[in-house]
Structures are given as structure tokens and as C-alpha cells.
Amino acid sequence: MEVQKQTSFTFEIDNFSEKEGLIRSPTFLSGCCEWYLAVFPKEDHLALYLRVANRESLRLGWKRRAIYSFHLLDQSGKELYKTSEACQLFSAHLTGWGFPRAMRLKKLQEKVFVETNKLIVKVQVKVVESVDESEVTGNETLDVKGFQVLYPQAVSVSRLFTNHPGFAANFKTKNQLVRTTYMNILLGLIEALNKPPHSLSETELSNARSELADLTEAGFKLDWLRTKLDEVFLERKKASVDGIRVQELKEQVKNLKAELSKEKLKSATSAAKLEEQVKNLKAELNKEKVKSATSTAKLEEQVKNLKAELDKEKKKSATSAAKVLSLEKKRKLSHQ
């Protein structure tokens, strides 16, 4: 393999305090490979990463092992901060490495760009191993902090060391097969505990507790994972209790619906009876109205007839009275 020279690349970021999210540098060449810097003002820390830029154009199975370090400079080029030197293997499965918590932003503001608001980052890269093409079997391994892991696992293991630095400091076993076995158990345990609690069986939870005990006994510091396991147990227990309560409520709803149906049936029957009674009463009322109308007509006819007879009698009476007066008048005249 051809010995590669060290490459230096400087990236100047103006108005740094106004930037959000990823800040990407232009690309540069080192070891027959294109690279770029990824700068993140993330939460309260500055994150610095070196990434392969032209991975799509590289051949299947490419690898680059590089030694690199980051440097923060002032306006005159004086070095104000430097990361430790790292040696990592870059590949199609892991195209970037770096320092997620390189420096606190508050300290950076005070020390580097308090007046100019400019951040100058220099990276020094030396490619010490370069493979342009190799057979890919899917079983290739990568060294991450002393653990040989499969390429697809490299990101997860790297993130594990970033989020929980020192968790494997007391794991002293040197045998790589044993180290890999324990790491696989740990990754499997983390994956299991990230599942929804209700999807885990009692057996799976019991195995998880046994695996956690074995890992702790081997020297791993996993208090954060123990807390996660306890939370999963509580969530599953709560889900189980809630499930029983939900089932009880469903049974109550079912019974209430059955009672309601019965009451509705009774109510419908009673309503039908009432409607029949109302119907009969209306019929009787109509009959009475007809009778009453007939009786009224008869009474009116009787009144009419009586009035006619009365008129006749009045006429007779008037005639008789006239006769009586005439006779009385004649009698008086005859006495004179």
C-alpha cells in the first residue's frame, strides 16, 4: 500500500452563533478519497465529524483507515483547542467518525470567537490503510473501542460509547470472541427493551433480567439499562392491570346493553298497548260524538215542533180572547 501524506484542511465559519443544525464544509482530497467536515452546534456542545464525501463513487467493499484530529484556531492561526488523535476505519457501513461532545459552546464562545463570531476549524487527516475493492460477505467486522463488531452494528456500538462513556471500563476480558459475545448480548438486550412493553412476554422479560445480571457481573456499568428494564416491567404491569380493567368494563357494557335491549322491548310493548288503548278511546269518543250529534238533532227537532205548537196555541188563545171581548161588548150594549 502506498504511504499517504498527512493532509490539513481549514474551514472558516462566519456568524457561527447564528447557525443551526449541520454546517458542512467544502470537500477536500486525502488518500485518494474525498472528505468533508460536519460541524454541529448541538445542545450545549460543539460536535465535530470527519465524513467521506464521495462514497457513492467508490467501489464495492471500499475501506479507509485514517488518523485524524480537529483543531480550533483564532484569527491569527494560533491553536486554541485540539481534540485527541483518533484512528478509525471508514467504510460503506460507517462513513463518518468524530467527537460528538468536543467542546462546550459556552467555553467556545468565551475562548474562540467572542469578538469576531467566526469559528475556524482545521482537521489533519492521514490515511494509513486504503482498500478500493474487496469481497463483501456481510460478516466483515470493525473495531469499535476494542470490540470487534459487524459493520451494521458499528453505528449502534459507537453511539453506545458516546451516550454512556465508560460503561465498559471495568470489562477486562481480552479474549475477542468473549468480548464480541458479550457485546452482542448487550445489543440484543437494548433492542428488546426498546420494543413496546406489551409486546414482551414474561419469558423475554425474565431472560432480560438474567442477561442484565450476567453483563453487570462481567464488569459492565449498566445502571441506565437497569432503570430502563424496571420501567418496562412497570409499564407492562400497568398495561396488564389496565387490560383486565378494560375487559371488566367491556363486560359491564355488554351486560348494560343487554338490559337496555330488554327495557326497550318492554317499553315498545307498553307503548303498543297504550297506542291500542288510545285508539279504542278515540273510537268510543267518536261514537259518543255521533250519538250526541243525533240526540242534539232530535232535541232541536222537538224544540222546533214545540215552538210551532206553541205558536198555534197562542193564535187560538188570541182568537178566543177576541171572541170573548166581542161578546162582552155586545152584552153591555144590550143592557143599555
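Keep in mind it's a predicted model, so treat the numbers as computed, not measured.

**Quick notes on the overall build of the chain**
Link 1 in the chain: The helix and strand tally for the chain stands at 5 helices and 12 strands.
Link 2 in the chain: Here the C-alpha radius of gyration of the chain, 53 Å, is well above what a compact globule of 336 residues would show, namely 20 Å.
Link 3 in the chain: The principal-axis extents of the C-alpha atoms in the chain amount to approximately 185 × 55 × 40 Å.
Link 4 in the chain: Considering only intrachain contacts with a sequence separation of at least 6, the fraction spanning at least 24 residues in the chain is 62%.
Link 5 in the chain: For the chain, the distance from the average site of its 58 positive side-chain charges to the average site of its 45 negative ones is 12 Å.

**A look at the packing of aromatic side chains**
Link 1 in the chain: Counting across every chain of the model gives 15 aromatic pairs.
Link 2 in the chain: Arranged with centres 4.8 Å apart and planes meeting at 50°, the rings of Phe161 and Phe167 form a pair that is tilted. For the pair Phe161 and Phe167, a shared accessibility class is recorded, and that class is buried.
Link 3 in the chain: Through pairs of rings, three or more aromatic residues link up here, namely Phe147, Phe161, Phe167, Phe171, Tyr182 and Phe220.
Link 4 in the chain: Lying over the aromatic face of Tyr49, Arg51 brings its terminal NZ or CZ to 5.6 Å of the ring centre.

**Describing helix α2 (residues 151–163)**
Because an α-helix completes one turn every 3.6 residues, residues spaced three or four positions apart along the sequence face the same direction.
Link 1 in the chain: Spanning 13 residues, α2 covers 19 Å between terminal C-alpha atoms, matching the ideal 18 Å at 1.5 Å per step.
Link 2 in the chain: Restricting attention to buried positions, one finds in α2 the residues Tyr151, Gln153, Ala154, Val157, Leu160 and Phe161. Down the axis of α2, the buried side of the element spans an arc of 130°, and every buried residue falls inside it.

**A word on the pattern of salt bridges**
Link 1 in the chain: Using the criterion set out here, one finds 7 salt bridges in the structure.
Link 2 in the chain: Among the ionic pairs, Arg65 bridges to Glu129, the shortest N-O distance being 3.0 Å. Separated by 64 residues along the polypeptide, Arg65 in strand β6 (residues 63–73) and Glu129 in strand β10 (residues 118–131) bring together distant segments of the chain.
Link 3 in the chain: Using a relative accessible area of 26% as the deciding quantity, one classes Arg65 as partly exposed.
Link 4 in the chain: Salt-bridge contacts for Asp230 lead to Arg209; the nearest nitrogen and oxygen are separated by 3.6 Å. Here Asp230 is found in helix α5 (residues 223–335), whereas its partner Arg209 is found in helix α4 (residues 202–218), with 21 residues between them in sequence.

**Focus: the state of the cysteines**
Link 1 in the chain: Overall, the coordinates contain 0 disulfides when judged by the stated rule.
Link 2 in the chain: Not engaged in a disulfide, the cysteine Cys87 finds its nearest cysteine sulfur in Cys33; these two sulfurs lie 15 Å apart.

**Some remarks on the packing of α2 against helix α3 (residues 176–193)**
Two numbers describe a pair of packed helices, the interaxial angle and the distance between the axes.
Link 1 in the chain: α3 packs onto α2 with a crossing angle of 85° between their chain directions and a minimal axis gap of 12 Å. Viewed along their axes, α2 and α3 adopt a mutual orientation that is roughly perpendicular. Every residue of α3 that contacts α2 at Gln153, Ser156, Val157, Leu160 and Phe161 is listed here: Met183, Asn184, Leu186, Leu187 and Ile190.

**What to know about the environment of Lys289**
Link 1 in the chain: Counting through the fold element by element, Lys289 comes out in helix α5.
Link 2 in the chain: Distance in space between the C-alpha atoms of Lys289 and Val39 is 101 Å, their sequence separation being 250 residues.

**A few points about the side chain of His71**
Link 1 in the chain: Looking at the secondary structure, you find His71 in strand β6.
Link 2 in the chain: Within the structure, His71 has its side chain in polar contact with the side chain of Gln124 (distance 3.5 Å).
Link 3 in the chain: With sequence-adjacent residues up to four places away left out, His71 is seen in contact with Glu79, Tyr81, Lys82, Ile120, Val121, Lys122 and Gln124.

**Describing the side chain of Thr83**
Link 1 in the chain: Within the element layout of this structure, Thr83 appears in the loop between β7 (79–82) and β8 (86–91).
Link 2 in the chain: For Thr83, the residues in contact, after removing those within four places along its chain, are Leu48, Ser69, Phe70 and Phe99.

**A look at α3**
Link 1 in the chain: Compared with an ideal rise of 1.5 Å per residue, which puts 18 residues at 26 Å, α3 spans 26 Å between its outermost C-alpha atoms and is within 8% of the ideal.
Link 2 in the chain: Among the residues making up α3, those that are buried are Arg179, Thr180, Met183, Leu186, Leu187, Leu189, Ile190 and Leu193.
Link 3 in the chain: Between the side-chain oxygen of the N-cap and the backbone nitrogen of Leu177 there are 2.9 Å, and the N-cap of α3 in question is Asn175.

Reading guide: rules and limits
Residues numbered from 1 in each chain as written. Predicted model: local features only at pLDDT ≥ 70, side-chain atom pairs only at ≥ 80, totals over all residues. Heavy atoms only, no water. Helix = DSSP H or I, 4+ residues; strand = E, 2+ residues; numbered from the N terminus. Rg over C-alpha atoms; globule rule 2.2 N^0.38 Å. Contact = heavy atoms within 4.5 Å. Lys, Arg positive; Asp, Glu negative; His and termini not counted. Charge placed at Lys NZ, Arg CZ, Asp CG, Glu CD. Phe/Tyr/Trp six-rings, centres within 6.5 Å; stacked < 30°, edge-to-face > 60°. Buried < 20%, exposed > 50% of the residue type's maximum accessible area, 1.4 Å probe, protein only. Lys NZ or Arg CZ within 6 Å of the ring centre and 35° of its normal. Expected span 1.5 Å × (residues − 1). Arc of directions from axis to C-beta. Salt bridge = Lys/Arg side-chain N within 4 Å of Asp/Glu carboxyl O. Disulfide = S-S within 2.5 Å. Axes fitted to C-alpha atoms, helices over the stretch in contact; angles between N-to-C directions. Parallel < 35°, antiparallel > 145°, perpendicular 65-115°, else oblique. Polar contact = N/O pair within 3.5 Å; in protein donor to acceptor, adjacent residues only side chain to side chain.

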